[in-house]
Each structure stands twice: as structure tokens, then as C-alpha cells.
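Notes for the structure review
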Amino acid sequence: MSAEQKPQVHRKAQHRDQVQEFRKWLATLSKDDLAAVLHHRRDTAVPIPPDINSLSTRMLLPGSIALALATCTAAELAIIEALSQRGAELSPVSREEIAPLLSFAPEEALSALRTKALIFNPNGDDSLALLPRIMQALPTNLMLLNQPDITVEEIRALSARKREILTLIARAGGSMVTVGAQAKIADSKDFKELLSQGIIVESSEHTVTIPRTIRQAMQGQSPTIIPLQPPISLPNFNTQPARLEEEETKADQSGTAAGLEVVYTMDRVIESLARKPQALLKNKSLGIRQVTSLAQEINKDEKETKALLALGFAARLLGRGEPEGLEGNFLAPTMQAMQWMDSPLDERWQVLLHGWEQMDSAYWNSQRGIDAEVDNPRLPEMRKLVVETFTASSAALSDASFRPLFAYLHPLATLHSKKDTISHLLQEVRWIGAVAHGRATAVVRESFDETQRLCPEPIEQFIIQADHTAMAPGPLTPEVQKLLASFATLESPGLASVYRFDHGSIRRGLDSSLTAAEMKDFLQKHTWGDVPQAINVLIDDVARSHGTLRSSAVSCYVRSDDSALLAQAVASVPGLRSIAPTVAVSALPLAQILEALRHAGFSPAAEDESGISIDVRPEPAVVPAAKSAKSSKVGKSGLSTPQTGREHASDENVERAVAHLISATQPAGDQPSEVTAPVDAEDFTAVLRTAARGSHPVKITYANKHGEPTTVGATPLRVDGGQVDALVGTNTVRFPLHRISAVVMD
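The model shown is predicted, which means the values in this text are computed figures rather than measured ones.

Scoring rules and cut-offs
- Residues numbered from 1 in each chain as written.
- Predicted model: local features only at pLDDT ≥ 70, side-chain atom pairs only at ≥ 80, totals over all residues.
- Heavy atoms only, no water.
- Helix = DSSP H or I, 4+ residues; strand = E, 2+ residues; numbered from the N terminus.
- Buried < 20%, exposed > 50% of the residue type's maximum accessible area, 1.4 Å probe, protein only.
- Contact = heavy atoms within 4.5 Å.
- Areas by Shrake-Rupley, 256 points an atom, 1.4 Å probe, with all protein chains shown as cover.
- Pairing = 2+ DSSP bridges.
- Polar contact = N/O pair within 3.5 Å; in protein donor to acceptor, adjacent residues only side chain to side chain.
- pLDDT = per-residue confidence, 0-100.
- Salt bridge = Lys/Arg side-chain N within 4 Å of Asp/Glu carboxyl O.
- Phe/Tyr/Trp six-rings, centres within 6.5 Å; stacked < 30°, edge-to-face > 60°.
- Axes fitted to C-alpha atoms, helices over the stretch in contact; angles between N-to-C directions.
- Parallel < 35°, antiparallel > 145°, perpendicular 65-115°, else oblique.
- Nonpolar A, V, L, I, M, F, W, Y, C, P; charged D, E, K, R; others polar.
- Patch = residues over 30% accessible without salt bridge, like charges linked within 9 Å, V, L, I, M, F, W, Y side chains within 5 Å.
- Lys, Arg positive; Asp, Glu negative; His and termini not counted.
- Charge placed at Lys NZ, Arg CZ, Asp CG, Glu CD.
- Left-handed = near helix turned anticlockwise from the far one by under 90°.

Let's talk about the overall build of the protein chain
- Each helix and strand in the protein chain was counted, giving 32 helices and 26 strands.
- Per-residue burial for the protein chain yields a buried fraction of 49% across its 746 residues.
- Taking all contacts inside the protein chain whose residues are at least 6 apart in sequence as the whole, residues at least 24 apart take part in 66%.
- Split by element, the accessible area of the protein chain, about 34,800 Å² in all, is 51% carbon and sulfur.

Points about the pairing of strand 26 (residues 740-745)
- Where burial is concerned, most of strand 26 is hidden: five out of the six residues are buried.
- Where strand 22 (residues 698-703) and strand 26 come together, five bridges link them in antiparallel fashion. Residue Ile-700 lies in a different strand from strand 26, and its bridge partner there is Val-743.

Points about the sheet that holds strand 14 (residues 497-500)
- Taken together, the four strands give an open sheet; going across it, the order is 11-12-14-13, and neighbouring strands pair in antiparallel fashion. The two strands at the open ends of the sheet, each matched to only one other strand, are strand 11 (463-464) and strand 13 (489-492).
- Strand direction decides the pairing type here: strand 12 (residues 469-472) and strand 14, joined by four bridges, are antiparallel. Following the sheet pairing, Ala-470 is matched in strand 14 by Tyr-499.

Quick notes on helix 3 (residues 52-59)
- For helix 3, a buried count of six out of eight residues is recorded, marking the element as mostly surrounded by other parts of the structure.
- Of all the positions in helix 3, only Ile-52, Asn-53, Leu-55, Ser-56, Arg-58 and Met-59 are classed as buried.
- Taking the backbone nitrogen of Asn-53 as reference, a side-chain oxygen 3.2 Å away marks Asp-51 as the first, capping residue of helix 3.

As for the environment of Ser-366
- Assignment of secondary structure puts Ser-366 in the loop between helix 17 (345-358) and helix 18 (379-392).
- With 60 residues separating them along the chain, Ser-366 and Lys-306 place their C-alpha atoms 9.0 Å apart.
- Apart from the residues lying within four places of it in its own chain, the contact partners of Ser-366 are Lys-306, Asp-371 and Val-374.

Quick notes on the confidence of the model for the protein chain
- Within the protein chain, residue pLDDT values average 84, and 89% of them lie at 70 or more.
- Low pLDDT, under 50, characterises residues 1-16; the predicted model gives this stretch 29 contacts beyond four residues in sequence or across chains.
- Below a pLDDT of 50 lies the segment residues 665-682, which in the model reaches 25 contacts outside its immediate sequence neighbourhood of four places, other chains included.

Quick word on the pattern of salt bridges
- Scanning the entire structure with this criterion turns up 22 salt bridges.
- Residue Glu-193 is joined to Lys-162 by a salt bridge in which the shortest nitrogen-to-oxygen separation is 2.7 Å. Here Glu-193, found in helix 11 (residues 189-196), pairs with Lys-162, found in helix 9 (residues 160-171); they are 31 residues apart in sequence, far enough to count as distant.
- Across the pair Asp-399 and Arg-430 runs a salt bridge, and its minimum N-O distance is 2.6 Å.

As for the packing of aromatic side chains
- The final tally for this structure, using the stated rule, is ten aromatic pairs.
- Ring geometry for Phe-22 against Trp-25: centres 6.0 Å apart, planes inclined by 25°, an arrangement best described as stacked. Here Phe-22 pairs with Trp-25, and both are found in helix 1 (residues 9-27), just three residues apart, close to one helical turn.
- Owing to a relative accessible area of 0%, Phe-22 belongs among the buried residues under this scheme.
- Between Phe-487 and Phe-522 the ring centres are 5.9 Å apart and the planes differ by 80°, which places this aromatic pair in the edge-to-face class. Placement of the pair is Phe-487 in helix 24 (residues 478-487) and Phe-522 in helix 26 (residues 516-526), with a sequence separation of 35 residues.
- Look at Phe-487 and you get buried, because its relative accessible area is 0%.
- Since its relative accessible area comes to 8%, Phe-522 is described here as buried.

As for the packing of helix 18 against helix 19 (residues 399-409)
- Taken N-terminus to C-terminus, the directions of helix 18 and helix 19 make an angle of 110°; their axes are 10 Å apart at the nearest point. Classified by the angle between their axes, helix 18 and helix 19 sit roughly perpendicular to one another. Across the interface between the two elements, Met-382, Leu-385, Val-386, Thr-389, Phe-390 and Ala-392 of helix 18 pack against Phe-402, Leu-405, Phe-406 and Leu-409 of helix 19.
- The class makeup of the residues in the contact of helix 18 with helix 19 is nine nonpolar, one polar and no charged.

Some points on the sheet that holds strand 6 (residues 278-279)
- Judged by pairing direction, the sheet is antiparallel, and its three strands sit side by side in the order 6-8-7 without closing on themselves. Of all strands in the sheet, those bounded by a partner on one side alone are strand 6 and strand 7 (318-321).
- Of the strand pairs in this sheet, strand 7 and strand 8 (residues 330-333) are connected by four bridges, and their pairing is antiparallel. Looking across to strand 8, one finds that Leu-318 is bridged to Pro-333.
- Running at roughly 125° to strand 8, helix 13 (residues 245-275) makes contact with strand 6, strand 7 and strand 8 of the sheet.

Notes on a negative patch on the surface
- Taken together, the side chains of Glu-96, Glu-97, Asp-125 and Asp-126 make up a negatively charged region of the molecular surface.
- Locating Asp-126 in the fold gives a position in the loop between strand 1 (119-120) and strand 2 (129-130).

Description of the side chain of Ser-366
- By relative accessible area, Ser-366 is classed as buried at 8%.
- At 3.1 Å, the side chain of Ser-366 and the backbone nitrogen of Arg-368 are in polar contact.

Here we look at the packing of helix 25 (residues 503-511) against helix 27 (residues 533-545)
- One way to put it is that helix 25 packs onto helix 27 with a least axis distance of 9 Å and a crossing angle of 60°. By the criterion of interaxial angle, the relationship of helix 25 to helix 27 is oblique. Crossing of helix 25 against helix 27: the hand is right-handed. On helix 27, the residues touching His-503, Ile-506, Arg-507 and Leu-510 of helix 25 are Leu-538, Ile-539, Asp-541, Val-542 and Ala-543.
- Looking at the contact of helix 25 with helix 27 residue by residue, the class counts come to six nonpolar, one polar and two charged.

Here we look at the environment of Thr-44
- Mapped onto the secondary structure, Thr-44 falls in the loop between helix 2 (31-40) and helix 3.
- With a relative accessible area of 1%, Thr-44 lands in the buried category.
- Residues Thr-44 and Met-59 lie 15 residues apart in sequence; the distance between their C-alpha atoms is 6.4 Å.
- In terms of polar contacts, Thr-44 uses its side chain to reach the backbone carbonyl oxygen of Arg-41, at 2.7 Å.

Thoughts on unusual backbone geometry
- That bond from Val-46 to Pro-47 is cis: its omega, -10°, falls within 30 degrees of zero.
- Among the structural elements, Pro-47 can be located in the loop between helix 2 and helix 3.
- Non-glycine residue Arg-133 carries a positive phi angle of around 75°.
- In this fold, Arg-133 is placed in the loop between strand 2 and helix 8 (152-156).
- Judged by its relative accessible area of 28%, Arg-133 falls in the partly exposed class.
- A positive phi angle, near 45°, is found at Met-143, a position not held by glycine.
- Note on placement: Met-143 falls in the loop between strand 2 and helix 8.

If you want it as C-alpha cells, here you go:
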């Protein structure tokens with residue numbers, strides 16, 4: 001493109017006026033109004049802007065506009081759409097002009113949009129103008145003001161010719177020009193019937209569009225209807241709604257029980273992986289067989305097992321690496337997991353909540369565990385929006401009532417997300433204890449620190465019953481729980497847990513170097529009432545046969561006072577040879593000999609050089625925790641919890657920014673707009689799109705086939721695919737965007 005064909009200054013002036021009006025409006029805001037704007041647009045307050053010009057430039061950045069739009073309700077986006085239809089991108093419009101397009105009272109939504117600086121009053125009166133560039137940040141097929149409720153079957157029932165017309169428009173990007181080459185179609189009876197039925201709508205004088213819900217039905221999907229008014233009562237929107245204390249308490253209790261169930265199950269996952277780390281596949285995920293095996297071991301279904309693995313990984317309790325003594329890439333607990341298991345119950349739940357908050361694995365989309373191929377960085381933000389929907393509601397929400405409220409509060413997230421993603425996140429919030437009985441629990445109403453208040457005080461006493469079970473009516477202290485679990489099997493985890501004593505569990509306790517006397521003393525000390533005689537008999541019975549064979553490292557030896565029993569052991573275990581009637585030795589490691597003897601049906605015990613029973617169980621296999629780019633918070637026990645969230649200005653920073661901007665002496669607009677709002681190559685495209693939405697005539701300067709600049713008057717119809725269709729006189733002309741050098745509003 002030659003120098004003569006580059007964008008002209010007069011196009012810059014058109015853009016500059018629009019931006020300058022916004023700057024002037026910002027400069028006229030009072031201290032309280034400016035503080036309200038910065039509280040909603042915190043991303044623009046870091047670092048503190050030097051003046052209003054810099055602040056306005058930040059607010060016009062596409063990323064900042066997108067962040068602000070993401071917080072808008074359906075009512076607010078509908079008002080933006082109505083203002084765009086009435087030409088508020090080009091000049092201010094009055095409330096009366098948009099009122100016929102709205103089915104609700106707009107005052108509250110208008111106030112919210114103004115505090116988000118997405119609309120402004122350029123003339124200081126009730127006239128309304130849209131923030132420059134806002135429409136480019138919205139989906140082109142949003143169409144909240146026109147959402148026909150139609151089913152897939154109704155679309156299929158249309159005549160073949162009508163379906164052909166719809167397909168033609170859909171292939172053209174969802175909109176079609178009704179003049180020029182398509183005039184014949186626009187004059188057809190079927191086309192006019194589609195218009196009258198609302199299946200296609202006029203987006204401008206010479207353009208028709210297929211509404212979003214119709215396109216969804218054409219694709220075989222159930223249309224997503226976004227309500228423009230709250231489907232349930234929101235008495236104090238943007239503040240915490242009133243709640244009944246009794247219902248809150250009930251939700252808190254149920255949520256705590258659910259959350260602690262996850263804590264206890266995570267215990268079992270860590271213990272299992274500590275005993276036997278699982279080899280990972282080449283893509284660093286856990287294979288289907290390993291997931292199934294782990295699910296059977298912890299007595300959970302495969303989906304919850306994958307959720308636990310993803311949660312443990314996000315909370316840095318599980319990691320990938322090479323544990324000591326193993327070669328290859330394994331999934332194993334981290335050192336932090338060992339510390340986590342010894343921490344108070346409330347801190348353990350809190351660590352899991354922090355991990356859940358930042359978990360980005362869509363584990364339900366893969367049969368493998370910790371599969372990086374299904375990671376979705378948007379999930380933490382979506383999870384936050386799901387929780388916010390529950391906290392905003394003044395009533396308990398079922399699945400049926402949650403979805404329309406979520407769609408109203410977060411319309412853009414609803415349109416950008418799959419329905420099954422929301423369903424899985426709904427299950428998650430109940431699973432982790434953030435929501436119960438349709439209400440948000442205190443851990444999300446207030447903060448994760450509420451786990452300390454919600455978790456019941458740990459106890460040291462339990463009840464032993466005649467059926468060889470021990471029932472703990474509350475959470476046990478870590479010390480008591482760890483010792484009890486060493487010789488009793490956890491049958492029912494939860495706030496009220498149940499343990500069972502049997503031959504296998506008692507033998508496991510003896511293998512861990514506990515003696516029969518120590519077990520009975522522990523039970524006597526921590527049991528409410530007397531220990532049933534049957535339990536003492538069971539312990540004595542197992543202890544009587546346990547340790548009949550004694551072993552130590554020679555590499556190792558095995559001895560027994562019963563020479564016949566020793567001879568039977570030598571005959572049963574390869575690698576074991578007798579050196580005396582009561583002594584046998586082996587070159588194999590001690591742990592391997594003990595395992596072989598137990599597998600053969602014997603009950604050996606390990607001893608040291610003085611004959612005292614020792615614990616030779618292998619140390620838990622651990623790997624280093626994955627490094628996190630996010631900061632961490634350290635709890636009372638020294639356990640770190642990952643922190644999440646985008647860095648925005650704090651309340652203190654916002655106050656400092658407001659004070660600085662108010663005290664700034666340079667008035668808005670003193671700096672030339674070419675410095676503060678440079679024009680880029682896409683400016684004329686934005687002007688063309690704006691003109692097309694409002695059927696506004698423009699003057700287009702372009703390079704003809706001889707390379708000469710030519711200016712024509714035209715009405716843009718559609719901008720798509722690197723070209724603009726415009727009406728010049730009565731003809732439709734297509735201009736390649738790369739040939740256009742200037743655009744001026746007529």
C-alpha cells in the first residue's frame with residue numbers, strides 16, 4: 001500500500017472523538033463515583049494510573065473490557081445490545097429509545113453498567129453511550145433480545161425449501177444480505193414466512209440473521225434460553241442475601257460431613273500409593289487398570305477415584321517422580337502428604353479446599369487418572385462462578401433452579417461452556433462440602449478459615465462393641481487414629497467412623513512392632529467402658545501364633561524353637577536353607593523372606609539382635625511435590641496451601657488510586673489523542689462493523705484495480721472473512737479489507 005493509501009487523519013478524528021468523550025466523562029466523576037468504577041474495574045488500578053488519560057486507555061483495552069463484561073448479568077448485556085441497536089456506539093441515545101426493546105425495568109442494570117464504566121453519559125444528562133470497542137468484545141451471535149424457544153423437532157418439521165434457506169444463511173456465517181445476488185431469495189414466500197415466524201430476524205435494513213437459539217436447534221442441540229430477569233428472588237444483588245440461620249446451620253453440618261469424608265478417603269489414597277506407587281504411562285497419566293485397582297482398594301467408583309487423584313495432585317499431596325528404590329515415572333505421595341496426614345483435621349480439609357479451588361483437570365472426560373490432555377485452565381473460574389450463584393441466591397437451589405439463575409448471573413460463561421461441565425462442577429461443590437441442601441456453606445460464604453469452626457473437636461475415646469467393631473462418635477485425634485488404624489480396619493469413614501478387629505488387622509499391628517500387651521493397654525485407655533473379653537481373646541490368640549518364627553538379616557536368618565515348623569518353612573520358601581534344627585538363613589533381603597513366609601501361610605515376626613520385635617515395613621514411597629507458580633499460604637501446623645486468583649488491586653490500592661487521580665492537576669484531554677490512543681490497522685474495521693450494525697452510511701476510500709485511491713459513499717451490510725459487503729446505490733459491492741485505506745462516517 002502506498003503512502004497515499006494509508007489510513008487518513010480524518011478517520012482518526014472520528015475514533016478520537018468517541019474516546020475523548022469517554023475520557024471527559026471519567027474526568028467529571030466524583031470521588032465516590034470514581035471509587036465505585038475502580039472497585040469494579042480493579043485490573044485498571046494496578047499499577048496506580050498517573051492520570052485520567054492513562055486510566056481511560058487501560059479501560060479501553062480488549063482484555064479489560066472482556067473482564068468487565070464477564071461480570072455482567074443477562075439484563076446488563078441485553079441493555080448493551082439494545083443500545084447498540086439504537087446506535088449508541090455512534091451517538092448518545094435516551095432511555096426512551098431503548099425502552100421498547102426491553103421487557104424489564106432497566107434502572108438497576110443501567111446503574112451497574114455505569115459503575116463498570118461500560119456505558120457513560122457524555123452530555124452529563126440521562127443520555128447513554130456505549131464504551132468504545134465494547135461490541136467487538138462480545139460474541140457476534142449473542143442476541144439476548146431475540147431468543148425464540150424452538151425445539152430440534154420443530155426445525156426438522158420445516159419444509160425442505162425453508163431448511164435450505166436456513167442452511168444457506170448459516171454457511172454464510174449466520175447472516176445474509178437481502179439485496180443484490182440474494183434479492184431473489186429474500187423475495188420468496190418461504191423467506192418471508194421464516195421472517196414472520198421469527199426464525200430469522202432483520203438485524204439491519206438489508207441484513208437478516210439467524211438467532212442463536214435457532215442455530216443451536218439446527219445443530220441438533222437443545223437451545224439455551226438466557227432469562228433477562230432473575231428467575232428467583234435476589235433481594236440484595238451484589239451483596240450477601242439474607243439467610244435463615246437454621247438452614248445455614250443444617251447446610252454447614254452436612255457440608256462438613258461431606259468434606260471430611262473426602263479428607264478420610266484422601267487418607268486411604270495416600271496410604272495406598274505410599275505402599276505401592278503406581279507406574280505412569282508415557283503421557284504421565286495413570287492407566288485405566290491402575291485407576292480401577294485403586295478404586296476397588298479404597299471402595300469408591302472410578303469417577304470419584306479420578307477426582308481424588310486430581311484433587312491430590314492440585315493440593316500437592318500427590319506427585320510424579322521416581323521414589324527411592326524404583327526406576328521410572330511413578331505416581332506417589334509427596335513429603336507434604338506425610339505432613340498433611342499428621343495435621344489437625346480442619347487444616348487438612350482446608351488444604352483440600354485450596355487444591356479444589358485451583359484444580360483444572362476435567363477428569364470426567366478421560367478414563368485415565370491425572371490426564372494432562374483434559375486439563376482446562378478455565379475450570380477454576382467456572383467453579384468460582386458456580387459457587388457465586390449459590391451465595392447470591394436467597395433460597396435453596398436444586399439443579400433445576402440453579403441453571404436458570406446461573407444463566408442470568410453469568411450469561412457469557414453459560415454460552416461458552418458445555419452443559420455437562422456445569423453438571424460435573426455442581427457435583428463437585430457438594431462432594432467437597434462447599435454446598436449442601438442447595439445452600440452455600442460457611443467455607444464459601446465466609447472463607448476457608450471457617451473449617452476451624454465447623455470441624456468438631458477431636459476425641460480420644462471410642463466404643464468397642466460385641467461384634468468386634470469400634471465406633472468413634474467423632475473425629476479421633478491423629479495420634480489415636482493412627483495407632484487404632486494400625487491394628488483395626490477402617491470400615492466406615494466419616495465423622496462417626498467404624499473400625500473392625502479381625503485376625504488380619506491384629507497381625508498387621510503385630511507386624512508393626514506392637515505387642516499384645518500394648519494393644520490391650522491402648523484399648524483399655526481409650527475405650528468408653530470395659531473392653532469386651534472377646535477382643536482380648538482375639539489379640540491373645542493371634543499373638544500366640546505370631547512370632548513363632550523369628551527372623552533377622554544375615555542377609556537374614558529364620559529361627560524357631562519348633563524344628564518341625566522350621567523344616568516346613570524351609571521346604572516352602574525357595575532361597576531359605578537350614579543351618580541347624582532351629583535356625584535357617586537366606587541371602588535374600590529380610591523383607592522379601594518375611595513376605596514369602598506370610599504368603600506360604602506362616603506368621604513370622606522380625607527381631608533385632610537382642611530378640612526384640614521390630615517394625616520392618618518399608619518407608620512410604622514419596623516424590624517431591626511439583627513446583628507451583630502460585631504463592632502459598634502456611635497454616636498453623638506449617639502446612640502450605642496453594643493460593644489462587646488473578647492479581648487485582650486490593651481495597652487499599654483502589655483507595656490510593658482514587659486519591660491520586662482526584663488530586664491530579666492535568667485535566668483530561670490535554671494530551672493529544674494520537675499519543676494516548678494510537679490508531680491501529682483495525683480501527684477502520686471497527687468503524688465498518690459499527691456502521692453495519694446501525695445501517696449508517698460511510699465514505700470508503702479504497703485502492704481500485706489500478707492501485708488508484710477511490711472514495712465512494714456506501715452503507716456497510718456485513719464485515720466478515722476479510723471483506724466488507726456494502727450497498728452502493730442499489731448495488732451490493734464487496735470490498736477486500738486490505739484494499740481499504742480510510743473510512744469516514746457520513
